[in-house]
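Chain and residue survey
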Amino acid sequence: MKRAFHFGDKSIEAAVRRVNELKRIALIGAGTMGQGIAIDLLNKTSLSVVLLDVSAEALQRARARLSGIWADQVRESRMREDDARAIESRVTFAQDYAALRDADLIWEVATERGDIKARIFNAIEKAVDVERIAAIFSNTSSHTTAELAELFRSEAFRERFLTVHGYFPFERNRLIDVMKGKYASNETFALGVVFADQLLEKSVVALPVDHHGYVTDPVFQAMAAIISWDVKTDRDIVQLGALWELLTANPFAVLDQTGHMPYVESSRHFGQALPPHDRLRGLYQRGERFYPEWIAALESQGFGGAASPQRKGFHAWSDGDPPRPIAVLNPADGAYVPIGQISRKDFWSYYEAAEADRRAGRVRSAESLVHVACASDAGGRAFRRYALPICLYAMDLIQDGVATPGQINLSTRAGLRFKVGLVELIDGLLSQLTLDGLIELVRRARDENADDPYLLDMLDIDGARGPRRGRPSLLMELRSLKVEQLLGYGRYYRTPVAEVDWVASREQGRPVYRGFYPELKFVEPSTRDRVATIVFDNPLRGNVFNRATIDQLAHAWCRVLTLHRAGRCGAVLFTAAGGGMRMLGADAREFNRGWFERQRGYVPLQAEEAAASSRNAVRLFRLIQRSPVATIGVFGEKWGGGAEFTYFLDLRYDVRAAGFVYDSLERRAEWRPKNTYNQPELDYAILPGFGAAGELKRLGLGDSAIFELFDQGLTADRAFQLGLSNGAFDDELEALRRGYERARLMAKDAPFSRALFKKELARHTACTGEQSDEELARETAETFDPARNPYIRTGLLSLLDRGGKPPFMDYAVAGASLPGWQYPAENGMADG
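Residues numbered from 1 in each chain as written. Predicted model: local features only at pLDDT ≥ 70, side-chain atom pairs only at ≥ 80, totals over all residues. Heavy atoms only, no water.

**A closer look at the sheet that holds strand E8 (residues 203-207)**
Backbone-to-backbone hydrogen bonds join strands into a sheet, with any given pair of strands oriented parallel or antiparallel. Quick note on the threshold: One requirement defines pairing of two strands: DSSP has to find at least two bridges between them. Strands here are runs of E lasting at least two residues and helices are runs of H or I lasting at least four, both read from the DSSP assignment and numbered beginning at the N terminus. Fitting a line to C-alpha atoms yields each axis, with helices limited to the stretch in contact; the angle taken between N-to-C directions then spans 0 to 180 degrees. Contact between two residues is taken to exist if any of their heavy atoms lie within 4.5 Å; hydrogens are not considered.
Strand order in the open sheet formed by 8 strands is E3-E2-E1-E4-E5-E6-E7-E8, with mixed pairing between adjacent strands. Two strands lie at the open edges of the sheet, namely strand E3 (91-94) and E8, each paired on one side alone. Sheet twist, expressed as the average angle between the axes of neighbouring strands with direction ignored, equals 20°. Sheet topology note: the strand E6 (residues 161-166)/strand E7 (residues 175-179) ladder contains 4 bridges and is antiparallel. Paired with Val 164 across the two strands is Val 178, which belongs to E7. In the packing of helix H5 (residues 114-127) onto the sheet, contacts are made with strand E1 (24-28), strand E4 (105-108), strand E5 (135-138) and E6, and the angle to E4 comes to roughly 165°.

**Structural notes on the side chain of His 315**
Under the convention used in this document: The rule is simple: take the accessible area with a 1.4 Å probe, protein chains only, and divide by the maximum for that residue type; under 20% is buried, over 50% is exposed, in between is partly exposed.
By the element assignment, His 315 lies in strand E9 (residues 315-317). The class for His 315 is buried, based on a relative accessible area of 6%.

**Looking at the sheet that holds strand E12 (residues 487-489)**
With antiparallel pairing, 3 strands are arranged side by side in an open sheet as E12-E13-E14. Each end of this open sheet is capped by a strand with a single partner; those strands are E12 and strand E14 (513-515). Pairwise comparison of adjacent strand axes, ignoring direction, gives a mean angle of 35° for this sheet. Direction of pairing for strand E13 (residues 496-500) relative to E14: antiparallel, over a ladder of 3 bridges. Bridge assignment links Glu 499 to a residue of E14, and that residue is Arg 514. Packed on one face of the sheet, helix H19 (residues 422-448) meets E12 and E13 and runs near 80° to E12. Its contacts with the sheet put helix H23 (residues 547-565) on E13 and E14, and the angle it makes with E13 is roughly 60°.

**What about the packing of aromatic side chains?**
The following threshold applies: Aromatic rings from Phe, Tyr and Trp, taking only the six-membered ring of Trp, are treated as a pair when their centres fall within 6.5 Å; an angle between ring planes under 30 degrees marks them as stacked, one over 60 as edge-to-face, and anything in between as tilted. Look at NZ for Lys and CZ for Arg. If either is within 6 Å of the ring centre and within 35 degrees of the ring normal, a charge sits over the ring.
This structure, assessed with the given rule, holds 32 aromatic pairs. Among the aromatic residues, those joined into a ring-pair cluster are Phe 536, Phe 545, Trp 557, Phe 574, Phe 621, Phe 635, Phe 645, Phe 648 and Phe 690. Seen from the ring of Tyr 183, Arg 158 lies directly overhead, with NZ or CZ sitting 5.2 Å from the centre. Lying over the aromatic face of Phe 170, Lys 202 brings its terminal NZ or CZ to 4.2 Å of the ring centre.

**Topic: the nonpolar core**
Counted only if it meets this: We call a set of buried residues a nonpolar core when its members are Ala, Val, Leu, Ile, Met, Phe, Trp, Tyr or Cys and they connect through side-chain atoms within 4.5 Å of each other.
Judged by nonpolar contacts, the single largest core of 101 residues is most densely connected at Leu 475 and Leu 486. Ranked by residues supplied to this core, first place goes to helix H17 (residues 378-399) with 14 residues. The contacts of Leu 486, once residues within four sequence positions are left out, are Met 395, Ile 398, Pro 405, Val 423, Ile 426, Asp 427, Leu 474, Leu 478, Glu 499, Val 500 and Tyr 513.

**Section: the packing of helix H16 (residues 366-374) against H17**
For clarity, the threshold we go by: Orientation categories follow fixed angle ranges, with anything under 35 degrees roughly parallel, anything over 145 roughly antiparallel, 65 to 115 roughly perpendicular, and all other angles oblique. Ten residues, namely Ala, Val, Leu, Ile, Met, Phe, Trp, Tyr, Cys and Pro, are considered nonpolar, four, namely Asp, Glu, Lys and Arg, are considered charged, and the remaining ones, Gly among them, are considered polar.
Following both chains from N to C, one finds H16 and H17 inclined at 100°, their axes separated by 6 Å at the closest point. Regarding the angle of H16 to H17, the classification is roughly perpendicular. Contact residues: H16 offers Leu 369, Val 372, Ala 373 and Cys 374, while H17 offers Gly 379, Gly 380, Phe 383 and Arg 384. A per-class count over the contact of H16 with H17 returns 5 nonpolar, 2 polar and 1 charged.

**Concerning the pairing of E6**
By the criterion of burial, E6 is predominantly enclosed, with 6 of the 6 residues buried. Residue alternation in E6 divides its side chains into two sets, Phe 161, Thr 163 and His 165 and Leu 162, Val 164 and Gly 166, and both sets are buried. In terms of strand pairing, E5 meets E6 through 3 bridges, oriented parallel. By the bridge assignment, Ile 136 is partnered in E6 with Phe 161.

Take a look at the structure:
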């Protein structure tokens, strides 16, 4: 949103007020990260932005990129020309630090080098009135907050200083880290979290404890570093790096795209500054070297990746946007050679894991990764040599109180785009091998690498050697506390919904879990208001209703019921993060069995999978509907299942939407009010599987109004006119304020009366029966069966293959019937 809201949380009210007072943000550094942050701020807020860089050339590149983005959006009818000019007018490009004087917040994103940061911070102190500044951020991949805060001479500047770190590409990556350190005030820390969460619309990993590189960067850095010392030929870059493709991407290809400078500078800094107890310290301290000679040779030649003048790094890259790797470095002779295939003979476990997931209709799974971990081929040995030390490092972070299991899993899933989070992988090893089996796997890895003292240090779990001497691994502590898994998993799809609370578990001598929701935010009710808030919190994906969201919402609702039973919660406000509070429906990627691949086309869901997608959601929505808890939704545009969810709530407040709408008659896009209720399922040959038809009938809409919604959609004002909406607002913050206040007043209802009233309503609504819900599940299964619904392949390709051109749909009806319809015999339709 353009402004922040407190959701009844008194602990952030002051931070929310201060964030809403911000007018001007200064970014120091006009490189890739600075440009990404500027794009995000200009798109998501009404703030003015100063982009400062000592290089006129860097500023010119930034100006060209930003102008090009707005021009493209105008050309593609996604933005009006006046709006583009208004955005451009909010950007100032500067080379002089005097431009910082009017800034309310400063964010340094210029470099990873500490000596250059020191000069920048000195210039900030000279140019800025500290009493005016709300906060100063630094984007760093390897420094602690305290290290950088000490570059300021003034205590007042240190109190306002945080490290705030985003991930490439900033404007398209949902993760952000906010780290406090020992100098920043609690008020500054709260401001940083609210700013990152609500204005930048990111998933925030908030770390009160200082740590080099937060959570994500040390993991990513190590993914490349641990392999780099073993790289001798191009095959090593391809085949050893392919281990990480089982989870995300080859780190050498990623580094080429982000540029090598942060990696080599972070390696140097880690080698100099990591504390003695850091398990991964040996990756960056090898004699006089912080990274191998072959990487140093690349740096000396200026081969820093795809953006370097030579377009070379670990790979050679094509021209064009986006660039693509066309060759790979052979470090043995410095030549670039064709990119080879991964050997099936040597790395057969990689292929078996991929095939097992394909057969099971999974994208990636912990089960297949465990298969690789235990394999006797080169792939299994690579996993044990390279992945196990990083798993142990993640457990160190939990043991040392740096991060929680949920934060580590979120960091790897969102920041590094792991298909299986790092803690999910650890849980998979624990689940399939047992604790004793995992300990044995680590010892097997030690035996296989007995000639490598650095690996032996990193694989120590007994506290017998290396940086963790005297600190036995968390693995050894799991047995005494009877902890079998570090995460808790959902009832429907077994996706993560909770994390072990390590401090509470130690105190109580047993496993204690608490909710942790990557796709949601849960705000506890205050004693005075008794209103809980559930925010759908993945705006980059449109806040889709995927399987993870269903699991997390079910877990969160159980918390609501527990709070209600204790008298602490009487109402729940539902809303969505992101500008426009947009809410999409079921995740189209989950309509395909496994990962959609254009060359394979649509792979149908099995009947039970399709039925479960409807049954599980409707069962949960029905529970929310019938619970003796008042509910209200505050949303903007709603599509498919996102709209259907709101039909189960007691009240609906809408935020009006406007934008370019394509007029199919005039064949042009026109700026006008947009629909806030959209049910496009029939266009894609599928069914509104979350109960739209029955719920709209229950809400009193006639057939004509329902057809209007499905065939053309409803604006907020039209929905209000029909009685579907209970209020329409122009301003997001005002809608939230009014929605929260209505929830607060609804929470005053006596629980017995509210429960009995809902029972009365259900008694008089025939379509709320369980039989109807089960029939919907069966019909959903039929919809996804190409044998019953021949239109499904063509329809879903329009959703799944956004970059391709779907084939034309053949609308002819094969046979004499459709669901609920039998064509009369031809002679029965004849005249006379």
